[in-house]
Amino acid sequence: MAVERTLSIIKPDATRRNLTGKINAKFEDGGLRIVAQKRVQLSKAQAEQFYGVHRERPFFNDLVSFMISGPVVLQVLEGENAIARNREIMGATNPANAAEGTIRKEFAESIEANSVHGSDAPETAAQEIAFFFAGIELVG
Ligand code: RTP
Ligand code: MG
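If you're wondering where the values come from, they're calculated on a predicted model, not measured in any experiment.

Thresholds applied
Residues numbered from 1 in each chain as written. Chains lettered and ligands numbered in written order. Predicted model: local features only at pLDDT ≥ 70, side-chain atom pairs only at ≥ 80, totals over all residues. Heavy atoms only, no water. Near = heavy atom within 4 Å. Polar contact = N/O pair within 3.5 Å; in protein donor to acceptor, adjacent residues only side chain to side chain. Areas by Shrake-Rupley, 256 points an atom, 1.4 Å probe, with all protein chains shown as cover. Helix = DSSP H or I, 4+ residues; strand = E, 2+ residues; numbered from the N terminus. Nonpolar A, V, L, I, M, F, W, Y, C, P; charged D, E, K, R; others polar. Phe/Tyr/Trp six-rings, centres within 6.5 Å; stacked < 30°, edge-to-face > 60°. Buried < 20%, exposed > 50% of the residue type's maximum accessible area, 1.4 Å probe, protein only. UniProt positions renumbered as here; feature names shortened; annotations may be inferred. Contact = heavy atoms within 4.5 Å. Pairing = 2+ DSSP bridges. Axes fitted to C-alpha atoms, helices over the stretch in contact; angles between N-to-C directions.

Engineer: I tried to follow the site of ligand 1 on my own but got confused; where do I start?
Structural biologist: Close to ligand 1 lie 14 residues; K11, T93, E112, N114 and G118 are nearest. Measuring from an oxygen atom of ligand 1, one finds a side-chain N or O atom of K11 at 2.9 Å. Between ligand 1 and R87, the relevant distance is 3.2 Å, taken from an oxygen atom to a side-chain nitrogen or oxygen of the residue. When the free accessible area of ligand 1 is taken as 560 Å², the share hidden by the protein chains comes to 82%. Top contributing element to the shell around ligand 1 by residue count: strand β4 (residues 116-118), with three residues. In terms of residue class, the shell around ligand 1 is made up of five nonpolar, five polar and four charged.

Written as structure tokens, this is what we have:
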């Protein structure tokens, strides 16, 4: 297994409820290292571009509105098999289907307000990290 990096976002429903530390503990306890982290307010244009792959989906406008409804925490997580590992720690997109002990099972409010984002493949991880972070901000 290779050491990978993945882009994580703690979403506005979670920052609003002050859950950043509890979510970070799940990542660290799960074997991932937070190698970069910053709290920002996304603009509408940034959220639309980030979720551009979903532009034609019926939930796109709601998703963009939700993602700019408050601050998010952008993170780069590093570890063995980090992309898949992170998605295991997050749990299924819909919290109703998420396994016990996962972030979404414990914290998500709905299929949309589901507390975290994680990249889904090596190519998207590299793109998403480069979208939000400069190389100098990544300290392994
Ligand atoms: P993410 O990209 O945020 O890590 O989540 P994911 O891969 O598990 O889910 P994806 O299919 O990529 O969807 C992106 C985000 O859109 C919202 N969503 N809403 N209302 C709906 O039916 C619906 N479906 C998806 C969620 O916030 C989801 O994480
Ligand atoms: Mg996704």
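Still to come is the rest of the account.
Engineer: Is there a simple way to think about the packing of aromatic side chains in this case?
Structural biologist: For any pair of aromatic rings, geometry is given as the distance between the ring centres together with the angle between the planes. Across all of its chains, the model carries four aromatic pairs by this definition. Each ring, one from F50 and one from F132, has its centre 5.3 Å from the other, and the planes form 40 degrees; the classification is tilted. Of this pair, F50 sits in helix α3 (residues 44-50) while F132 sits in helix α7 (residues 122-132), placing them 82 residues apart in sequence. One exposure class covers both F50 and F132, and it is buried. Ring plane angle 80 degrees and centroid distance 4.8 Å describe the contact between F131 and F132, whose orientation is recorded as edge-to-face. Note on F132: relative accessible area 9%, which makes it buried.

Engineer: Is there a simple way to explain unusual backbone geometry in this structure?
Structural biologist: Glycine aside, residues mostly have negative phi, and peptide bonds are mostly found in the trans state. At N18, a residue that is not glycine, the phi angle is positive and equals roughly 60 degrees. With respect to the helices and strands, the residue N18 is situated in the loop between α1 (12-16) and α2 (20-29). Judged by relative accessible area, which is 69%, N18 ranks as exposed. Even without being a glycine, N81 presents a positive backbone phi close to 55 degrees. Along the polypeptide, N81 turns up in the loop between β3 (72-80) and α5 (82-90).

Engineer: Help me understand the UniProt feature "active site" (unreviewed entry) in the chain, please; the structure alone is not making it clear to me.
Structural biologist: Those places that UniProt annotates as "active site" (unreviewed entry) correspond, in this numbering, to H117. Among the residues examined, H117 registers a relative accessible area of 10% and is labelled buried. Every residue in contact with H117, bar those within four places of it in the chain, is listed here: L7, S8, I9, K11, F50, Y51, N86, M90, R104 and E128.

Engineer: Just checking my understanding: could you explain the sheet that holds strand β2 (residues 33-40) for this structure?
Structural biologist: For sheets, the rule is that strands pair by backbone hydrogen bonds, running either parallel or antiparallel. Read across the sheet, four strands follow the order β2-β3-β1-β4 without closing on themselves; strand pairing throughout is antiparallel. Each edge of the open sheet carries a strand with a single partner, namely β2 and β4. The mean angle between the axes of side-by-side strands here comes to 20 degrees, regardless of whether they run parallel or antiparallel. Sheet topology places strand β1 (residues 3-10) next to β4; three bridges connect them, and they run antiparallel. When the sheet's bridge partners are listed, I9 is paired in β4 with H117.

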